[in-house]
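Secondary and tertiary structure notes
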Amino acid sequence: KLYKLNKELSATPKTIEATISLPKSVKGAAGVIFGNYNESYKSPLDISVESGGRIKLYFKNGSKTVSKVFKTDIRSDSGTVHIALTLSGKTAVLYVNGEKSETAKVKVSLPKTMSQLKIGGDNRSKNTNYFKGKLYFVHMYSDARTSTELKKDRLYVSPEASSLIY
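Computed from a prediction, not measured in an experiment: that's the story for all the values here.

1. A few points about the environment of T72
Positionally, T72 belongs in strand β6 (residues 64-73). Classification of T72 as partly exposed rests on a relative accessible area of 21%. Excluding residues that lie within four positions of it along the chain, T72 makes contacts with G53, R54, I55, L94, V96, S101 and E102. A polar contact of 2.5 Å, which involves the side chain of T72, links it to the side chain of S101. At a separation of 2.7 Å, a polar atom in the side chain of T72 contacts the side chain of E102.

Put into structure tokens, the structure is as follows:
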């Protein structure tokens, strides 16, 4: 399913967390977890899963684009996986199950505002880029969360009591 946020965000989130289930049997790109990409939008943001279970961060700020594919395979056959992507200045950090996995320098800062955000896909015309796993929770924060905070956040997630967004 594709979920649209009922209320637009006043600022671009600096931390986006998701608790997902994506089995290793999923081959190829597994779709968009969170995003607003469309062909004409000037400040898109997409967090997706590429082939090999690798998280991709894509965003534009004006005419400048960031497209970073992390190396960590987040697919798992043994339950849910908590992923978090923090963005502070021009540094992006991927956390998996509360542990820092990778850090990347990006050449562009996030745009100040975002709109038309979706969970489980984005705004592409004829969209077939839906997330192919299960989404249990998506959390967004206005600051770049620390490892300690992310480990605590992970404890609140229960696939049996899903609220999808917090």
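2. Considering the environment of A11
Relative to the helices and strands, A11 resides in the loop between β1 (3-4) and β2 (15-21). Its relative accessible area of 35% is what places A11 among the partly exposed residues. Taking the C-alpha atoms as reference points, A11 and Y141, separated by 130 residues in sequence, lie 9.7 Å from one another.

3. Here we look at empty space enclosed by the protein
Under the criterion given, the structure shown has one cavity of 30 Å³ or more. In this structure, the largest cavity occupies an estimated 70 Å³ of space. In terms of lining residues, the largest cavity is bounded by I16, E17, A18, I33, I47, I55, I83, A84, L85 and L94. Elements with a minimum of two residues in the lining of the largest cavity: β2 and β7 (81-88). When its residues are assigned to classes, the lining of the largest cavity shows nine nonpolar, no polar and one charged.

4. What about the pattern of salt bridges?
One pass over the structure, following the stated rule, counts four salt bridges. For R145, the salt bridge is made with E149, and the minimal N-O distance between the two is 3.9 Å. A relative accessible area of 15% means that R145 is categorised as buried. Salt-bridge contacts for R145 lead to D153; the nearest nitrogen and oxygen are separated by 2.8 Å. Considered together, R145 and D153 belong to a single accessibility category, that of buried residues. Taken together, the shared-partner salt bridges in this structure form one network comprising R145, E149 and D153.

Calculation rules
Counting starts from 1 at the beginning of each chain's written sequence and moves along it residue by residue. Thresholds applied to this predicted model are a pLDDT of at least 70 for local features of residues and 80 or more for the giving and counting of side-chain atom pairs; totals over whole chains, interfaces and linings are not thresholded and use all residues. Heavy atoms from the whole structure form the basis of all side-chain values; hydrogens and water molecules are not counted. Elements are defined by DSSP. Helices are runs of H or I of four residues or more, strands are runs of E of two residues or more, and each kind is numbered from the N terminus. Only protein chains enter the accessibility calculation, which uses a 1.4 Å probe; a residue is then buried when its area is under 20% of its type maximum, exposed when over 50%, and partly exposed in between. Throughout, a residue-residue contact means that at least one pair of heavy atoms, one from each residue, lies within 4.5 Å. Under this definition, polar contacts are N or O atom pairs within 3.5 Å; protein pairs additionally need one hydrogen-donor-capable and one acceptor-capable atom, and for neighbouring residues in sequence, both atoms have to be side-chain atoms. Here the term cavity refers to a set of points on a 1 Å grid, laid over the protein atoms alone, in which a 1.4 Å probe fits but cannot get out; the term pocket refers to an open set having protein on both sides within 12 Å along at least five of seven lines, with lining residues being those that place an atom within 4 Å of a point. Grid points are joined across faces, edges and corners, and a volume is the space filled by probe spheres set on the points. We call Asp, Glu, Lys and Arg charged. Ala, Val, Leu, Ile, Met, Phe, Trp, Tyr, Cys and Pro are nonpolar, and the rest, Gly among them, are polar. A carboxyl oxygen of Asp or Glu within 4 Å of a side-chain nitrogen of Lys or Arg is what we treat as a salt bridge.

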